[in-house]
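Observations on the model geometry
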Amino acid sequence: AQSVTQLGSHVSVSEGALVLLRCNYSSSVPPYLFWYVQYPNQGLQLLLKYTSAATLVKGINGFEAEFKKSETSFHLTKPSAHMRDAAEYFCAVSVGEGFQKLVFGTGTRLLVSP
Amino acid sequence: DVKVTQSSRYLVKRTGEKVFLECVQDMDHENMFWYRQDPGLGLRLIYFSYDVKMKEKGDIPEGYSVSREKKERFSLILESASTNQTSMYLCASRPSRAQETQYFGPGTRLLVL
């Protein structure tokens, strides 16, 4: 079954440091891949998505992710963390007939210290 | 902007009660989804609807049913609530193409006593 693995349930960085959140997927064919962010007491909001166009995808709030088929990875990065980036981040892969459903990873909580 | 609204932010119910969670979207999206979110488990799909009156089971449908009588509204029903259904419930909607973004509501936090 197709799945997503997010390494690290918590990641801590200092403000201004590089953010790297890891996501690996298992899929027999190139899927659609998504990163969503959830701020406290809110629903999920799309950060960026890969839909088989450019492998380097730029999203909102300065985040980007690179699709690497050889590594089955779609890691999320941001050069310089801000306090407002503190949230939970979910990677998701499209699955099923017509890729209509999403399977989400277990999430990574990003903590940003001053 | 796409808006997905959920009828309640917080609900407290008793074991055995029938519970209705309502979700409404205002963007004429064909697809709608119900997920539950639990710490350490991420989001898990309960049911998916790809059109009015059409539904498909997700990964954890047991104990739940759904109804979609109108395109904009997708209801999740807990026929007889149990304590293990205490969770955060998230609704989402999306146009029919799989590569499109899912738009999420703010969630309903359900506590079953």
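Read on for an overview of the structure. (Residues numbered from 1 in each chain as written. Chains lettered and ligands numbered in written order. Predicted model: local features only at pLDDT ≥ 70, side-chain atom pairs only at ≥ 80, totals over all residues. Heavy atoms only, no water.)

**A short note on the overall build of chain A**
Applicable threshold: What counts as a helix is a DSSP run of H or I of at least four residues, what counts as a strand is a run of E of at least two, and both are numbered from the N terminus. Atoms counted for the radius of gyration: C-alpha only. Globule rule: 2.2 Å times residue count to the power 0.38. We call a residue buried when its accessible area falls under 20% of the maximum for its residue type, exposed when it is over 50%, and partly exposed in between, using a 1.4 Å probe and counting protein chains only.
If you tally the helices and strands in chain A, you get zero helices and 11 strands. Secondary structure elements of chain A occur, N-terminal to C-terminal, as β-β-β-β-β-β-β-β-β-β-β. Relative to the 2.2 N^0.38 estimate, which gives 13 Å for 114 residues, the radius of gyration of chain A is 14 Å and therefore close to what a compact globule would have. Across its three principal directions, the C-alpha atoms of chain A cover 45 × 30 × 20 Å. A buried classification covers 45% of the 114 residues belonging to chain A.

**Remarks on the overall build of chain B**
The following threshold applies: What makes two residues a contact is simply this: any of their non-hydrogen atoms within 4.5 Å. Per-residue and other accessible areas were derived by the Shrake-Rupley procedure at a 1.4 Å probe size, with only the shown protein chains allowed to occlude residues. In this tally, Lys and Arg are treated as positive and Asp and Glu as negative; His is ignored, and so are the chain termini. Where a charge lies is defined by one atom per residue type: Lys uses NZ, Arg uses CZ, Asp uses CG and Glu uses CD.
Looking only at helices and strands, chain B features zero helices and 11 strands. Going from the N terminus to the C terminus, chain B shows its helices and strands as β-β-β-β-β-β-β-β-β-β-β. Relative to the globule expectation of 13 Å for 113 residues, the C-alpha radius of gyration of chain B, 13 Å, shows essentially globular dimensions. If you line up chain B on its principal axes, its C-alpha atoms span 40 × 30 × 25 Å. Counting over 113 residues, chain B shows a buried share of 48%. If you take every contact in chain B between residues at least 6 apart in sequence, the share linking residues at least 24 apart comes to 55%. Counting every atom, chain B has about 5400 Å² of accessible surface; 49% of that belongs to carbon and sulfur. Taking the average location of the 17 positive side-chain charges in chain B and that of its 15 negative ones, the two points are 4 Å from each other.

**What about the pattern of salt bridges?**
Two side chains of opposite charge can pair, provided their charged atoms sit close to one another. Let me state the cut-off plainly: The rule for a salt bridge is simple: a side-chain nitrogen of Lys or Arg has to be within 4 Å of a carboxyl oxygen of Asp or Glu.
By the definition in use, this model includes 12 salt bridges over all chains. Measuring nitrogen to oxygen at the nearest pair gives 2.7 Å for the salt bridge that ties K58 of chain A to E64 of chain A. Linking E69 of chain B and K53 of chain B is a salt bridge whose minimum nitrogen-to-oxygen distance equals 2.4 Å. Taken together, the positions of E69 of chain B in strand β7 (residues 64-70) and K53 of chain B in the loop between β5 (42-51) and β6 (54-57) put the pair 16 residues apart, joining distant regions of the chain.

**Looking at the sheet that holds strand β7 (residues 64-68) of chain A**
All names here are of chain A. Put simply, the rule is: Pairing between strands requires that DSSP locate at least two bridges from one strand to the other. Helix axes are fitted only over the stretch in contact, all axes being lines through C-alpha atoms; the angle between N-to-C directions runs from 0 to 180 degrees.
If you walk across this open sheet you meet the five strands as β1-β3-β8-β7-β6, and the pairing is antiparallel. Looking along the sheet, the strands with just one partner apiece sit at the ends: β1 (3-7) and β6 (56-58). Geometrically, the sheet is characterised by an average inter-axis angle of 20 degrees between neighbouring strands, direction not taken into account. Taken together, the five bridges between β1 and strand β3 (residues 19-26) define a ladder with antiparallel strand orientation.

**Quick word on the sheet that holds strand β1 (residues 4-6) of chain B**
All names here are of chain B. Spatially, β1-β3-β8-β7 is the arrangement adopted by the four strands of the open sheet, whose pairing is antiparallel. Edge positions in the open sheet fall to β1 and β7, since each of these has one partner strand only. Looking at each pair of strands side by side, their axes are set apart by 20 degrees on average, direction ignored. As paired strands, β7 and strand β8 (residues 73-78) are joined by five bridges and run antiparallel to one another.

**Looking at unusual backbone geometry**
Trans is the common state for peptide bonds, and a negative phi is the common state for residues other than glycine. Despite not being glycine, N41 of chain A shows a phi value in the positive range, around 60 degrees. Checked against the element boundaries, N41 of chain A lands in the loop between β4 (33-38) and β5 (44-50). Even without being a glycine, K53 of chain B presents a positive backbone phi close to 65 degrees. Judged by relative accessible area, which is 56%, K53 of chain B ranks as exposed.

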